[in-house]
Amino acid sequence: AQKITQTQPGMFVQEKEAVTLDCTYDTSDPSYGLFWYKQPSSGEMIFLIYQGSYDQQNATEGRYSLNFQKARKSANLVISASQLGDSAMYFCAMREVSGYSTLTFGKGTMLLVSP
Amino acid sequence: ETGVTQTPRHLVMGMTNKKSLKCEQHLGHNAMYWYKQSAKKPLELMFVYNFKEQTENNSVPSRFSPECPNSSHLFLHLHTLQPEDSALYLCASSQGQGSSGANVLTFGAGSRLTVL
């Protein structure tokens, strides 16, 4: 079974609008971390935001926020006020305590921001 | 230099060649990783080193041989590769291992490998 599921292969959004990228995960560990990365066409994976399983508040970093719904095992990324430079692949990833060395990635969502 | 640097950025090799990918991190991290990114597949973890010791080998074929001489440098030696090994190879480092936010992986820009 997949540990990280990103159901949207591609998303389109207009500049200045908000967009939500979906991520669901599967784990039986009580302690885990959820990460979102951005990969522009240059190839580098850029860390965006982190949410710990015990964090009470949803994580926020500038225009990025994470809609963490623990009971539903979802960790959706919300990008507010989209910019043209946000066009990239976005990956959700999880690190469990039991597999403590492994960061497991989803297949990614391609986001295209239009003017 | 800062962050994680990978060289070369692009590599084309024949199936009988021997080449190496190099990764260097300037972040003072203790753990380093090799990931493989193929088209239409999730990133696959290949190897993990923590304090220069290999802690994970994710069933990688022996034609890929990692080397970690110190906590700042990581190599991936390649020999007798197959065309299906063509992919983007990403190096990453982290302060430690574990699920906390302190152990965020910082990635390099990758080495794009084409095997003819």
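Residues numbered from 1 in each chain as written. Chains lettered and ligands numbered in written order. Predicted model: local features only at pLDDT ≥ 70, side-chain atom pairs only at ≥ 80, totals over all residues. Heavy atoms only, no water.

**Thoughts on the sheet that holds strand S3 (residues 18-25) of chain B**
All names here are of chain B.
- A sheet is described by the order of its strands in space; here four strands give the open sequence S1-S3-S8-S7, paired in antiparallel fashion. Where the open sheet ends on each side, the last strands, each with one partner, are strand S1 (4-7) and strand S7 (64-70). Across the sheet, the axes of successive neighbouring strands diverge by a mean angle of 15 degrees, strand direction being ignored.
- Relative to strand S8 (residues 73-79), S7 is paired through five bridges, and the arrangement is antiparallel. Paired with phenylalanine 64 across the bridge in S8 is leucine 78. (Pairing = 2+ DSSP bridges. Helix = DSSP H or I, 4+ residues; strand = E, 2+ residues; numbered from the N terminus. Axes fitted to C-alpha atoms, helices over the stretch in contact; angles between N-to-C directions.)

**Comments concerning the nonpolar core**
- Residues A:Tyr25, A:Trp36, A:Ile49, A:Leu77 and A:Tyr90 are the most contacted members of the largest nonpolar core, which totals 24 residues.
- Among the elements that make up this core, the one with the highest residue count is strand S10 (residues 88-96) of chain A (four residues).
- Ignoring sequence-local partners within four residues, the contact set of A:Leu77 consists of A:Val19, A:Thr20, A:Leu21, A:Trp36, A:Leu48, A:Ile49, A:Tyr64, A:Ser65 and A:Tyr90.
- B:Met46, B:Val60, B:Phe64 and B:Leu76 belong to the second-largest nonpolar core, a separate cluster that totals 22 residues. (Core = buried A, V, L, I, M, F, W, Y, C linked by side-chain atoms within 4.5 Å. Buried < 20%, exposed > 50% of the residue type's maximum accessible area, 1.4 Å probe, protein only. Contact = heavy atoms within 4.5 Å.)

**Some thoughts on the interface of chain A and chain B**
- In this assembly, 23 residues from chain A lie in contact with 24 residues from chain B.
- In total, about 1800 Å² of surface goes out of reach between chain A and chain B, with carbon and sulfur atoms giving 55% of it.
- The tally of links from chain A across to chain B stands at zero salt bridges.
- Linking chain A to chain B there are six residue pairs in polar contact (both at pLDDT 80 or more). (Buried area = accessible area lost by both parts, 1.4 Å probe. Salt bridge = Lys/Arg side-chain N within 4 Å of Asp/Glu carboxyl O. Polar contact = N/O pair within 3.5 Å; in protein donor to acceptor, adjacent residues only side chain to side chain.)

**Digging into the pattern of salt bridges**
- Overall, the coordinates contain four salt bridges over all chains when judged by the stated rule.
- Among the salt bridges present, the one from A:Asp86 reaches A:Arg63, with a minimum N-O distance of 2.8 Å. Note that A:Asp86 is positioned in the loop between strand S9 (74-79) and S10 and A:Arg63 in the loop between strand S7 (60-61) and strand S8 (64-69), a separation of 23 residues in sequence.
- The salt bridge partner of B:Asp85 is B:Arg63, with a shortest N-O separation of 2.7 Å. With B:Asp85 in the loop between S8 and strand S9 (87-94) and B:Arg63 in the loop between strand S6 (53-57) and S7, this residue pair connects regions lying 22 residues apart in the sequence.

**Topic: unusual backbone geometry**
Residue and element names in this part refer to chain B.
- Residue proline 8 is bonded to the preceding threonine 7 through a cis peptide linkage, with omega at -10 degrees.
- Take proline 8: it is sitting in the loop between S1 and strand S2 (10-13).
- Even without glycine at this site, lysine 52 takes up a positive phi of about 70 degrees.
- Relative to the assigned elements, lysine 52 resides in the loop between strand S5 (44-50) and S6.
- By relative accessible area, which is 41% here, lysine 52 ends up partly exposed.
- The backbone of threonine 80 shows a phi angle near 45 degrees, a positive value even though the residue is not glycine.

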